[in-house]
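Structural features, examined
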Amino acid sequence: MSQAPVARLQNVTKRIGGRTIIDRVSLDVYPGEVFGFLGPNGSGKTTTIRMMVGLMSLTSGDISIGGHSVRTEYPRAAEQVGAIVENPEMYKFLTGYQNLVHFARMNSSVTKERIDEVVKLVGLSGRIHDKVKKYSLGMRQRLGVAQAVMHRPKLLILDEPTNGLDPAGIRELRDYLRQLAREEGISVFVSSHLLSEMELMCDRVAILQKGQIIDIRSIRGQAGEAVQQTEEALFDVDRPEAALGALQGEWSGYVADGRLVLSADRNAIAEANRRLVEAGIRVYGIRAKTKSLEDQFLEVTGSETND
């Protein structure tokens, strides 16, 4: 990407009592993207986030946010960040609006108009004057996001934000985070171990295992479309064995479950279809066999799900 990263981790390492918790982690987060930090429980996600927000010191390496080092310019770096680490903590005896006003007092740049703007942005306009103790967990998460972005940070950091949410709450939060990235230009750094949610939410993901980044993959392209990891094509044909014979020598393929499976890119699929029709093979349908994020995750980590 041509833009300068909002957040940059360079060889970040954390050791505790002789044990290496985070081992030379490096990654960049760019403006307006939703970046997923994916890994099994115990892989070091929360430790990394705690270092990013200044709740834990680094053993070595550096983290910069908005061009300011967390190690040497922490106040300037912290100004660029909004974060929810673990669970959003609110005063339950106050209303949602009163909570936001209270937090706004910590930053003179937050106006009443900005509070109203973020309330609308996270979809709490109808309940913002109810006491927080009456909020569902999903509403509390959205109020926490509103509080975290009031001062217009460049980076929003969320640690396992979907924990405890029902499917409707997860979808709402996912939609609001993508809306924040799109409309406010905020970069969102979100950790999770839920592969299906990360696939729907994120533009890119870094896969963390035993404190190390083992891969960084794109989920969506620049236009927002899903990036398909296509390696094979499934042909629904009337005579799969004859179809395989007609293409033998030019394409690598096999027959499975009554379908012809070919290793081919988009152009090769079109050519193979033409050859099959010329050979008198009826082609009823063609679809790409794609790899889900779960497939990719297991491919690079093996079947291990916990440390």
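Rules used throughout
Numbers given to residues run from 1 along each chain, matching the order in which its sequence is written. Whole-chain, interface and lining totals are the exception, using all residues; otherwise, since this is a predicted model, local features are given only for residues with pLDDT of at least 70 and side-chain atom pairs are given and counted only at 80 or more. Each side-chain value is derived from all of the structure's non-hydrogen atoms; neither hydrogens nor water enter the calculation. UniProt positions are given in the numbering used here, feature names are shortened, and annotations may be inferred rather than shown by experiment. Strands are treated as partners if at least two bridges between them are detected by DSSP. Secondary structure elements follow DSSP: runs of H or I of four or more residues count as helices, runs of E of two or more count as strands, with numbering from the N terminus. Contacts are residue-level and defined by heavy atoms, with any inter-residue pair within 4.5 Å sufficient. Axis lines are fitted to C-alpha atoms, over the contacting stretch for helices. Their N-to-C directions set the angle, which ranges from 0 to 180 degrees. Classification of ring pairs rests on two measures: the distance between centres of Phe, Tyr or Trp rings, Trp counted by its six-membered ring, which must be within 6.5 Å, and the angle between planes, read as stacked under 30 degrees, edge-to-face over 60 and tilted in between. Each residue is placed in one exposure class: buried if its accessible area under a 1.4 Å probe, protein chains only, is under 20% of its type's maximum, exposed if it is over 50%, and partly exposed if it falls in between. Here, the term right-handed applies to a crossover whose path from the first strand over the helix to the second runs clockwise when the strands point away from the viewer. Both site types are read off a 1 Å grid over the protein atoms alone. A 1.4 Å probe that fits but cannot get out defines a cavity, while an open set with protein on both sides within 12 Å along at least five of seven lines defines a pocket; lining residues have an atom within 4 Å of a point. Grid points are joined across faces, edges and corners, and a volume is the space filled by probe spheres set on the points. Charged residues are taken to be Asp, Glu, Lys and Arg, nonpolar residues to be Ala, Val, Leu, Ile, Met, Phe, Trp, Tyr, Cys and Pro, and polar residues to be all remaining types, Gly included.

Under the annotation held in an unreviewed UniProt entry, the protein chain carries the name ABC transporter ATP-binding protein and is attributed to Cohnella xylanilytica. The protein chain has a UniProt comment under Sequence similarities (unreviewed entry) that states "Belongs to the ABC transporter superfamily."

This part is about the sheet that holds strand β4 (residues 60-65). Strands in a sheet are paired, the pairing made by backbone hydrogen bonds, and the direction either parallel or antiparallel. Spatial strand order, β2-β1-β4-β5: four strands in an open sheet with antiparallel pairing. Strand pairing shows two members of the sheet lacking a second neighbour, β2 (19-29) and β5 (68-69), which therefore form its edges. The pairing of strand β1 (residues 7-16) with β2 spans seven bridges and is classified as antiparallel. In the sheet register, Val 12 faces β2, and the bridge partner there is Val 25. Sheet contacts for helix α1 (residues 45-52): β1, β2 and β4; angle to β1, the most-contacted strand, approximately 115°.

Further remarks concern the packing of aromatic side chains. Within the structure shown, the criterion is met by three aromatic pairs. With a centroid separation of 5.8 Å and 5° between ring planes, the pair formed by Phe 35 and Phe 189 is classed as stacked. With Phe 35 in strand β3 (residues 34-38) and Phe 189 in strand β8 (residues 187-192), this pair connects stretches of sequence that are 154 residues apart. Of the two residues, Phe 35 and Phe 189, neither departs from the other in class, the shared state being buried. Plain terms: the ring middles of Phe 37 and Phe 189 are 5.2 Å apart, the flat faces sit at 40° to each other, and that makes the pair tilted. With Phe 37 in strand β3 and Phe 189 in strand β8, this pair connects stretches of sequence that are 152 residues apart. The residues Phe 37 and Phe 189 share a single accessibility class, namely buried.

Of all five residues in strand β7 (residues 155-159), five are buried; the element is thus mostly enclosed. Of the two faces of β7, the one holding Leu 155, Ile 157 and Asp 159 and the one holding Leu 156 and Leu 158 are both buried throughout. The sheet contact formed by strand β6 (residues 81-84) and β7 spans four bridges and is parallel. Its bridge partner being in β7, Val 81 is matched across the sheet by Leu 155. Here β7 runs beside β8; their pairing, made up of five bridges, is parallel. Of the residues in β8, the one forming a bridge with Leu 155 is Ser 187. Handedness of the crossover joining β7 and β8 through helix α6 (residues 167-184): right-handed.

Within this model, the largest pocket holds a volume of roughly 690 Å³. Among the secondary structure elements, those contributing two or more residues to the lining of the largest pocket are α2 (74-78), β6, α3 (96-104) and α5 (137-149). For the lining of the largest pocket, the leading source of residues is β6, giving four residues. A per-class count over the lining of the largest pocket returns 18 nonpolar, seven polar and two charged.

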